[in-house]
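Structural overview for review
Below are the chains, spelled out letter by letter.
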Amino acid sequence: MRDFSILIGGKAGSGIDKSTLILGDLLNQSGYRVYIYRDYPSLIRGGHTFSIIRASQTKIAAHRDKIDFLLALNKETLDLHLTKLSGDGKVICDVELLKEAALPVQTMTLGVPIVKFVKEENAPEVMRNTCLIGAFAKAIGIKIELLEKILKKNFGKSIDVNIKIAKKGYDASVVMESIRLPAQDALPLISGSQAICLGLIKGGLQVYVSYPMTPTTPLLHFFAEQANDFSLKVIHPESELGVILMALGFAYAGQKTAVGTSGGGFCLMTESLSLSGMSEVPAVIVLGQRPGPSTGLPTYSSQSDLNFALYAGQGEFVRFVVAPGDLEEAYYWSACALNLAWKYQIPSIILTDKNLNEGIGNFDVNETGEIKEDNPYLWDGTTDYHRYADSKTGISPMAFVPEKNAVIKVSGYEHDELGITTEDAAVTKKMQDKRLRKEKYLIEELKSFPTVKTYGDDKQTTALLCWGSNKGVCVELAQTLGLKVIQPLVLSPFPEHAFKEAMRGIKKLIAVEDNATGQLARLVKIYGIAVDDTILKYDGRPFTLDELEEKVKEKIS
Amino acid sequence: MSQNNLNTSAPNTWCPGCGNFAILNGIKKVLNELSEEVCPLEKFVLVSGIGCHGKIVDYVNVNSFYSIHGRSVPVAEGIKMANSGLKVICFAGDGDAYGEGLEHLIFAAKRNVDITVIIHNNRLYSLTAFQYSPTSPLGFKGRSTPNGTIEPPLNPLELMLASQATYLARGSSLKLDLLMRLFREAIMHKGFALVDVLQVCVTFNNLYEYYSKHVYELENHDPGNFQAAFNAIREWDYNSDARIPLGVFYQKEAPTFEDKMMSFPADIESKDSKIKEFLSKRM
Ligand SMILES: Cc1ncc(C[n+]2csc(CCOP(=O)(O)OP(=O)(O)O)c2C)c(N)n1
Ligand code: SF4
């Protein structure tokens with residue numbers, strides 16, 4: 001099998017997450033490239049949750065409709081997902097469950113006395129997962145040694161029982177289909193959230209402030225866990241209002257700070273986003289999208305906050321908005337977003353979504369692109385300090401408290417070069433010009449960055465236009481269909497030049513977006529680029545490869 | 001005595017006779033004194049909200065962050081957490097800190113972050129030209145409540161005591177010497193300190209005469225005694241015609257948030273190798 005998918009499902013709280021990681025690990029260690037999609041409801045215990053683990057010979061970032069192995073911890077999983085089973089797909093679950101389910105006769109099944117084994121060991125119910133994994137490992141011909149090694153890595157104190165139970169499952173299983181092991185080194189398996197975190201750290205992050213909200217909560221957890229190793233201050237304040245204002249306080253004092261939230265929290269941050277724009281105190285915001293309006297579908301995905309990210313906050317100010325599409329881009333651009341926020345003294349928004357944040361895949365740190373370490377423009381102490389000194393680029397030298405010979409005054413009011421409030425017409429215009437001028441230089445600098453990427457056949461006249469986490473599915477599909485893909489990464493300031501370059505020779509442009517109104521399609525229209533067709537999905541779930549294929553074929557036939 | 005007038009280029013636009021002048025003059029003197037005796041001026045950071053009170057940061061030539069309405073406190077907390085060697089002082093209005101941004105005050109007190117919050121409590125919104133505030137008395141006729149408010153005021157000091165603030169005092173713009181003493185103590189107090197200043201707004205709510213008759217300085221009061229503090233704070237509820245105590249109600253030593261905050265050695269050099277190490281564990 002070159003490319004196959006496993007679905008594991010059960011009740012929320014029954015250990016699916018951990019099993020997912022172990023299964024991913026097993027395949028990763030076997031030389032496959034892996035992509036994991038996690039689907040879970042907004043509750044802690046009881047609802048249905050499942051993961052799809054797809055293995056392939058090449059790097060992937062999308063999942064398929066069809067399932068080759070259905071690993072069920074309960075009947076609901078069988079009921080909900082059996083239709084997804086491919087022609088020669090196999091079901092693995094407890095023997096009794098199999099009897100109860102009465103599956104169609106042609107279904108290939110493997111029943112293992114999972115419940116019995118776990119009872120025999122007096123082990124907790126969650127260990128049914130381990131037994132199921134043991135049975136699966138044998139079914140695809142994975143060696144027991146590898147299984148043991150991976151279990152050891154994943155379990156601490158309960159390792160002995162886990163291994164015992166896994167072995168029982170393994171022994172009771174049969175080889176159903178021996179997978180051919182591709183000969184390649186394993187690559188780290190990480191989530192999008194982790195890639196963003198590592199990128200921010202790479203960019204020099206010192207402080208992370210956040211109020212939990214899916215899908216950026218895992219960033220808060222990661223930073224809190226890793227605070228020691230990476231010398232971070234991690235704060236969880238009373239609200240997102242507190243979050244962004246504290247972050248501005250940290251940044252005023254010279255510490256590189258990021259915050260993370262989703263749409264609802266970002267609503268609360270907008271007044272301070274604007275404060276960052278006016279006071280020129282840098283801010284970095286990881287904005288993870290999920291379906292709205294309002295609380296929407298908390299644990300699902302969406303790309304409906306592009307407009308919000310681009311236009312949030314009163315007044316006019318320069319902002320940097322970037323939407324990475326995969327793990328490498330998440331790492332690279334998170335570092336860049338931090339650097340650019342500090343270099344230009346502006347707010348930077350890293351626009352992601354639940355699919356990117358919680359999707360897990362192989363990460364190749366050598367493929368991220370070189371990250372330039374750019375120091376902010378600092379006051380050299382030779383002149384009187386003016387926090388908002390006018391300059392050719394609009395960037396004023398920064399200094400941080402305490403500084404013996406400088407009084408550092410920042411303000412959200414319109415202010416003069418010293419930071420003192422003004423209502424003078426000429427000063428108002430001059431200062432607004434100074435702040436906005438930074439955009440011109442930012443656009444110039446961004447010309448040396450991969451702000452717009454293209455994939456596939458350059459001679460093609462039909463292209464898919466996508467952004468963010470749809471990159472994976474679009475690029476893979478375009479390869480099979482021989483299409484071109486255009487992916488703008490930077491969305492503000494919009495890389496008009498690079499985008500128009502990418503559009504050369506394109507006669508038909510089809511926007512693929514996870515929203516109902518085609519927000520990117522509308523954005524490019526401002527720059528005179530008409531999208532010919534849109535494929536929009538707004539049910540919270542990502543496009544599967546097959547689903548998108550069908551839709552694209554309809555549009556190009 | 002003052003070696004530095006701390007003036008800026010900003011013209012003062014407060015109404016003549018405004019109680020904010022007492023706060024301005026008081027804080028300038030105290031900053032001058034402390035910068036001679038305790039720590040250099042560059043280690044002070046002033047943070048303000050929006051209202052007549054907020055202008056104070058424009059009038060003092062010291063580091064400052066002129067933030068937004070109701071939000072000076074979290075900015076101050078961030079600055080202090082970034083560098084615990086700084087002395088961070090917030091200037092907030094009663095509408096600002098007791099209304100718009102009340103949550104922050106409660107949490108800063110609960111955390112015992114070592115910042116000083118000075119409330120310019122004129123018991124109304126002045127910059128927006130005369131509306132009631134959380135400390136306006138019941139029946140207050142402002143422009144949004146022409147028939148008088150129908151909700152009683154909040155006793156902010158009682159709320160702050162319940163929120164575990166470790167220094168609580170009340171001053172008045174009528175009594176500059178006391179005000180300076182309180183500012184000094186509050187700034188020197190290690191932990192969250194709040195000074196509620198009854199600041200007379202001569203234009204919209206001139207309580208000069210009223211306060212002259214009602215205020216008195218606490219005597220024989222033990223600020224270390226929670227119950228005594230509670231009783232003293234409740235002597236006046238910002239509504240009735242009771243006597244109004246001024247002075248320090250409560251003071252307690254307690255570890256600050258910054259003290260307890262884990263601080264890890266900045267080890268930028270090994271950042272890359274630690275990223276590698278993390279990734280290798282994910283193989
Ligand atoms: C979010 C927001 N809402 C409203 C305002 C308008 N506003 C400015 S100052 C103020 C109230 C001022 O009252 P207070 O905080 O008591 O300060 P004072 O002017 O009395 O010193 C208001 C409502 C604002 N600036 N921001
Ligand atoms: S309106 Fe009141 S508070 Fe504002 S400056 Fe005038 S007197 Fe002072």
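Take the overall build of chain A next. Within chain A, the secondary structure is distributed over 19 helices and 21 strands. The C-alpha radius of gyration of chain A comes to 26 Å, within 12% of the 24 Å expected for a compact globule of 557 residues. Overall, the C-alpha framework of chain A stretches about 85 × 55 × 40 Å when taken along its three principal axes. Within chain A, the fraction of its 557 residues that count as buried is 63%. Residue pairs at least 24 apart in sequence account for 72% of intrachain contacts in chain A once pairs closer than 6 positions are excluded. With the model as given, the accessible surface of chain A reaches about 20600 Å², and the carbon-plus-sulfur share is 51%. When the 62 basic and 67 acidic side-chain charges of chain A are each reduced to a single mean position, those positions are 3 Å apart.

Within chain B one finds 11 helices and 8 strands. Here chain B has a C-alpha radius of gyration of 20 Å; the compact-globule value for 283 residues is 19 Å, and the two agree. Seen through its principal axes, chain B has C-alpha atoms that stretch 70 × 40 × 40 Å. Of the contacts formed within chain B by residues at least 6 apart in sequence, a portion of 71% connects residues at least 24 apart. Accessible area for chain B stands at about 11300 Å²; split by element, carbon and sulfur atoms hold 51% of it.

Taken together, 17 residues are adjacent to ligand 1, and Cys 52, Gly 95, Asp 96, Asn 122 and Ser 126 of chain B come closest. Residues lining ligand 1 come from chains A and B. The backbone of Cys 52 of chain B places a nitrogen or oxygen atom 2.8 Å from an oxygen atom of ligand 1. Contact distances for ligand 1 include 2.7 Å between an oxygen atom and a side-chain N or O atom of Ser 126 of chain B. Here the shell around ligand 1 takes 4 residues from helix α4 (residues 94–100) of chain B, the largest share from any one element. Grouping the constituent residues of the shell around ligand 1 by class yields 5 nonpolar, 8 polar and 4 charged.

This part covers the sheet that holds strand β3 (residues 48–56) of chain A. All names here are of chain A. Here 8 strands make up an open sheet; going across it, the order is β6-β5-β4-β1-β3-β2-β14-β7 and the pairing mixed. The two strands at the open ends of the sheet, each matched to only one other strand, are β6 (108–112) and β7 (189–191). Strand-to-strand twist across the sheet, computed as the mean angle between neighbouring axes with direction ignored, equals 20°. As paired elements, strand β2 (residues 33–39) and β3 share 7 bridges and run antiparallel to each other. Bridging across to β3, Asp 39 finds its partner in Phe 50.

Attention shifts here to the side chain of Asp 114 of chain B. Residues and elements named next belong to chain B. Residue placement: Asp 114 occurs in the loop between α5 (102–111) and β4 (116–121). Residue Asp 114 is classed as buried on the basis of its relative accessible area of 12%. Among the polar contacts made by the side chain of Asp 114, one reaches the side chain of Lys 80 at a distance of 3.5 Å. Not counting the four nearest positions on each side in its chain, Asp 114 is found in contact with Lys 80, His 189, Lys 190, Gly 191, Phe 192, Thr 256 and Glu 258.

Residue and element names in this part refer to chain A. Burial analysis of strand β11 (residues 283–289) places 7 of its 7 residues in the buried class, which makes it a mostly covered element. Burial of β11 is two-sided: the residues Ala 283, Ile 285, Leu 287 and Gln 289 facing one way and the residues Val 284, Val 286 and Gly 288 facing the other way are all buried. Note that strand β10 (residues 257–262) and β11 share 5 bridges and pair parallel. When the bridges of β11 are listed, Ala 258 appears paired with Val 284. Since β10 and β11 lie parallel, the crossover through helix α11 (residues 263–279) that links them has a hand, and here it is right-handed. Bridge analysis of β11 against strand β13 (residues 347–353) gives 7 bridges, and the strand direction is parallel. Among the inter-strand pairings, Gln 289 is bridged to a residue of β13, identified as Asp 353.

The next point concerns the interface of chain B and chain A. Taken residue by residue, the interface counts 48 residues in chain B and 62 residues in chain A. Both sides of the chain B and chain A interface together cover about 4400 Å² of buried area, and 64% of this is carbon and sulfur. At the boundary of chain B with chain A, the tally comes to 3 salt bridges. Where Glu 373 of chain A meets Lys 271 of chain B, a salt bridge forms, and the shortest distance between an N and an O atom there is 3.9 Å. Across 3 bridges, the pairing between strand β15 (residues 409–411) of chain A and strand β2 (residues 64–66) of chain B is parallel. Each bridged residue has a counterpart across the sheet, and for Ser 411 of chain A the counterpart in β2 of chain B is Tyr 66 of chain B.

Here we take up the confidence of the model for chain B. Per-residue confidence for chain B gives a mean pLDDT of 96, with 96% of residues at or over 70. Confidence metrics for the complex model read pTM 0.97 and ipTM 0.97.

Residue and element names in this part refer to chain B. Segmentation of chain B into domains returns domain 1 (3–252) and domain 2 (257–283). Computed from C-alpha coordinates alone, the two centres of domain 1 and domain 2 are separated by 40 Å. Contact residues are listed per partner, giving 8 residues for domain 1 and 4 residues for domain 2. For the pair domain 1 and domain 2, the summed buried surface comes to about 490 Å²; carbon and sulfur atoms form 57% of the total. For the domain 1 face of the interface with domain 2, the top three residues by lost area are Met 81, Arg 111 and Lys 190, together amounting to 69%. The interface formed by domain 1 and domain 2 includes 1 salt bridge. Of the charged contacts, one joins Asp 259 and Lys 190 as a salt bridge, the two residues approaching to 2.7 Å between their closest N and O atoms. Put simply, domain 1 and domain 2 have 4 residue pairs in polar contact (both at pLDDT 80 or more) between them.

On to the packing of helix α6 (residues 144–154) of chain A against helix α7 (residues 159–172) of chain A, then. For any two helices packed against each other, one specifies the inter-axial angle together with the distance between the axes. Residues and elements named next belong to chain A. Two elements in contact, α6 and α7, have axes whose closest approach is 10 Å; the angle formed by their N-to-C orientations is 150°. Taken together, the axes of α6 and α7 are roughly antiparallel relative to one another. The two elements α6 and α7 cross, and the hand of that crossing is right-handed. In this structure, α6 contributes Ile 144, Leu 147, Glu 148, Leu 151 and Lys 152 to the contact, and α7 contributes Ile 159, Asn 162, Ile 163, Ala 166, Lys 167 and Tyr 170.

Let us now look at the packing of aromatic side chains. Given two aromatic rings, their pairing is described by the distance between the two centres and the angle made by the two planes. Residue and element names in this part refer to chain A. In total, this model carries 25 aromatic pairs over all chains according to the counting rule given. Judged by centre distance (6.0 Å) and plane angle (55°), the rings of Trp 342 and Phe 400 are tilted. On the criterion of sequence distance, the pair formed by Trp 342 in helix α13 (residues 327–344) and Phe 400 in the loop between β14 (360–362) and β15 is long-range, its members being 58 residues apart. Each residue in the set Phe 4, Tyr 32, Phe 69 and Phe 136 is aromatic and connected to the rest through ring pairs, giving one cluster. Across the ring face of Phe 50, the terminal group of Lys 84 is positioned such that the distance to the ring centre comes to 5.1 Å.

Our next topic: the domain arrangement of chain A. All names here are of chain A. Along its sequence, chain A is carved into domain 1 (3–171), domain 2 (191–367) and domain 3 (452–556). Once you take the C-alpha centre of each, domain 1 and domain 2 turn out to be 34 Å apart. In this complex, domain 1 contributes 14 residues to the contact, which on the side of domain 2 involves 13 residues. Of the roughly 1200 Å² buried between domain 1 and domain 2, counting both surfaces, carbon and sulfur atoms make up 45%. Per-residue buried area on domain 1 facing domain 2 is highest for Arg 38, Tyr 40 and Lys 59; these three make up 43% of the total on that side.

Criteria and cut-off values
- Residues numbered from 1 in each chain as written.
- Chains lettered and ligands numbered in written order.
- Predicted model: local features only at pLDDT ≥ 70, side-chain atom pairs only at ≥ 80, totals over all residues.
- Heavy atoms only, no water.
- Helix = DSSP H or I, 4+ residues; strand = E, 2+ residues; numbered from the N terminus.
- Rg over C-alpha atoms; globule rule 2.2 N^0.38 Å.
- Buried < 20%, exposed > 50% of the residue type's maximum accessible area, 1.4 Å probe, protein only.
- Contact = heavy atoms within 4.5 Å.
- Areas by Shrake-Rupley, 256 points an atom, 1.4 Å probe, with all protein chains shown as cover.
- Lys, Arg positive; Asp, Glu negative; His and termini not counted.
- Charge placed at Lys NZ, Arg CZ, Asp CG, Glu CD.
- Near = heavy atom within 4 Å.
- Polar contact = N/O pair within 3.5 Å; in protein donor to acceptor, adjacent residues only side chain to side chain.
- Nonpolar A, V, L, I, M, F, W, Y, C, P; charged D, E, K, R; others polar.
- Pairing = 2+ DSSP bridges.
- Axes fitted to C-alpha atoms, helices over the stretch in contact; angles between N-to-C directions.
- Right-handed = clockwise from strand over helix to strand, strands pointing away.
- Buried area = accessible area lost by both parts, 1.4 Å probe.
- Salt bridge = Lys/Arg side-chain N within 4 Å of Asp/Glu carboxyl O.
- pLDDT = per-residue confidence, 0-100.
- Domains from an automatic or database assignment.
- Parallel < 35°, antiparallel > 145°, perpendicular 65-115°, else oblique.
- Left-handed = near helix turned anticlockwise from the far one by under 90°.
- Phe/Tyr/Trp six-rings, centres within 6.5 Å; stacked < 30°, edge-to-face > 60°.
- Lys NZ or Arg CZ within 6 Å of the ring centre and 35° of its normal.

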